[in-house]
Amino acid sequence: MSKYCLKENNVTDEKLFHQRRAIIKSSIAFSLLTFSNLVFPNTKSLSFSKDLKYSTNEQTNTLKQITSYNNFYELGSGKRDPMINADKLNTNNWQVTIDGEVENKFTLDTDDFTKKFPLEERIYRLRCVEAWSMVVPWIGFELNHLIKLAKPTYKAKYISFESVYDPENLPGQKRDTLAWPYREGLRLDEARNPLTILSVGLYGRLLPNQNGSPIRLIVPWKYGFKSIKSIKRISFVENMPDTSWNLEAPKEYGFYSNVNPYVSHPRWSQKRERRIGEFRKRETLMYNGYADNVAHLYEGMDLKKYF
Ligand SMILES: Nc1nc2c(c(=O)[nH]1)N[C@H]1C(S)=C(S)[C@@H](COP(=O)(O)O)O[C@H]1N2
Ligand SMILES: [Mo]
């Protein structure tokens, strides 16, 4: 299971993965199966193709690590709270509104993005991506697919994202720990970069609630908080949008939030990081190791000023 994305391992297809799991009769395999049924209450599996071009070859984190150590302030501010409170997120009749400076405004409902996304072709890709101290086999599609459908007008310079707002059910939203709903933003060219994906699943199944069900962003070269979960609205806008963490602590969290070991957070160095499940810290790489793909987006910018 943890070798899900290794290039030399050809058993990465979801069906083979499940068949193989079914025939391994060890107790470890059994407990994995039970655990996976617990975190994927919705047993619907997704069809997708592998995308090795944008996948890391590194060992993936386990399902248990990926689903029990999370940040999702709507479900509480402790790392285990999102798992404990996962059932408080109601994803029934979910709709995502796409609006703002676009020729085509539209809404997507869960079925649209889990089985018949309007492109009417299978666009789901499996990508192993290192982001926020874990390597996760995400299943998703490039945000650029959706941008092409929406057809931004010449005025659209940024995209603003909003998460679910449901203070009656979400324990974290009963207090104003953050400006709710959770908000994030990207410059349009960052959003169009092929590394930027909307994810709907991991390890072959729909996303567990604590990981941002039913749809969340993954921006691998930025700090974790840019990867907004449980998205309800995607708006194309002319001006740089507000983001929840920037509103909360503007000196600590800027709009760009590119992983950058040379620019410290005011309260801590960002030179080293710990991968979940590892003891030794690693050196943090510029743009989280994706410099070849994204450095051109920031050419000529003062990265200390635009942090
Ligand atoms: N809506 C929402 N999205 C969110 C957050 C949040 O609190 N609310 N936390 C962010 C932070 S700080 C991180 S590190 C990542 C964590 O994603 P993961 O739990 O799937 O690893 O989600 C990001 N997206
Ligand atoms: Mo984070």
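Look up a bit, the structure's there.
A quick note: this is a predicted structure, and the numbers were derived from the prediction, not measured. (Residues numbered from 1 in each chain as written. Chains lettered and ligands numbered in written order. Predicted model: local features only at pLDDT ≥ 70, side-chain atom pairs only at ≥ 80, totals over all residues. Heavy atoms only, no water.)

Visitor: Any chance you could break down the nonpolar core for me, citing the residues and the numbers?
Guide: One finds Leu 143, Ile 234 and Phe 236 to be the most contacted residues of the largest nonpolar core, which totals 68 residues. If you tally residues by element for this core, the top one is strand β5 (residues 134-142), at five residues. In contact with Leu 143, other than residues within four places in its own chain, are Ile 159, Phe 161, Leu 186, Ala 191, Thr 196, Ile 197, Leu 198 and Leu 217. (Core = buried A, V, L, I, M, F, W, Y, C linked by side-chain atoms within 4.5 Å. Buried < 20%, exposed > 50% of the residue type's maximum accessible area, 1.4 Å probe, protein only. Helix = DSSP H or I, 4+ residues; strand = E, 2+ residues; numbered from the N terminus. Contact = heavy atoms within 4.5 Å.)

Visitor: Describe in detail the packing of aromatic side chains, supporting the description with residues and values.
Guide: In total, this model carries nine aromatic pairs according to the counting rule given. Both rings, one in Tyr 69 and one in Trp 132, keep their centres 5.9 Å apart while their planes meet at 20 degrees; by these two values the pair is stacked. Highlighted residues: Tyr 69 in the loop between α3 (63-68) and α4 (81-84) and Trp 132 in the loop between β4 (125-131) and β5, separated in sequence by 63 residues. What makes Tyr 69 partly exposed here is its relative accessible area of 32%. Taking the relative accessible area as the measure of exposure, Trp 132 reaches 32% and is therefore partly exposed. Ring centres 6.0 Å apart and planes at 85 degrees place the aromatic pair Tyr 256 and Tyr 298 in the edge-to-face group. (Phe/Tyr/Trp six-rings, centres within 6.5 Å; stacked < 30°, edge-to-face > 60°.)

Visitor: Explain the pattern of salt bridges residue by residue, including any values.
Guide: Applying the stated criterion to the full structure yields eleven salt bridges. When the shortest N-O distance is used, the salt bridge between Arg 127 and Glu 142 registers 2.8 Å. On the criterion of sequence distance, the pair formed by Arg 127 in strand β4 and Glu 142 in strand β5 is long-range, its members being 15 residues apart. You can call Arg 127 buried: its relative accessible area is 2%. (Salt bridge = Lys/Arg side-chain N within 4 Å of Asp/Glu carboxyl O.)

Visitor: Which residues make up empty space enclosed by the protein, and what are the values?
Guide: Within the structure shown, the criterion is met by one cavity of 30 Å³ or more. Estimated volume of the largest cavity: approximately 40 Å³. Around the largest cavity sit Tyr 73, Gly 76, Ser 77, Gly 172, Arg 175 and Thr 177, which together line it. For the lining of the largest cavity, the per-class residue count stands at one nonpolar, four polar and one charged. (1 Å grid on protein atoms, 1.4 Å probe; cavity = no way out; pocket = protein on both sides within 12 Å on 5 of 7 lines; lining within 4 Å. Points joined across faces, edges and corners; volume = space filled by probe spheres on them. Nonpolar A, V, L, I, M, F, W, Y, C, P; charged D, E, K, R; others polar.)

Visitor: I'd like a rundown of the site of ligand 1, residues and numbers included.
Guide: What surrounds ligand 1 is a group of 15 residues, the closest being Asn 70, Tyr 73, Glu 74, Ser 163 and Lys 229. One nitrogen or oxygen atom from the side chain of Glu 74 is found 2.7 Å from a nitrogen atom belonging to ligand 1. Measuring from a nitrogen atom of ligand 1, one finds a side-chain N or O atom of Ser 163 at 2.9 Å. If ligand 1 stood free it would expose 540 Å²; the protein chains cover 94% of that surface. Counted by class, the shell around ligand 1 contains six nonpolar, six polar and three charged residues. (Near = heavy atom within 4 Å. Polar contact = N/O pair within 3.5 Å; in protein donor to acceptor, adjacent residues only side chain to side chain. Areas by Shrake-Rupley, 256 points an atom, 1.4 Å probe, with all protein chains shown as cover.)

Visitor: How would you explain the environment of Leu 207 if you had to name every residue and give the values?
Guide: With respect to the helices and strands, the residue Leu 207 is situated in the loop between β9 (205-206) and β10 (216-218). Residue classification places Leu 207 among the buried residues on the basis of a relative accessible area of 6%. Contact partners of Leu 207, with chain neighbours within four places excluded, come to Trp 138, Ser 199, Val 200, Gly 201, Leu 202, Gly 212, Ser 213, Pro 214, Ile 215 and Arg 216.

Purely geometric stuff here, so don't read any function into it on its own.
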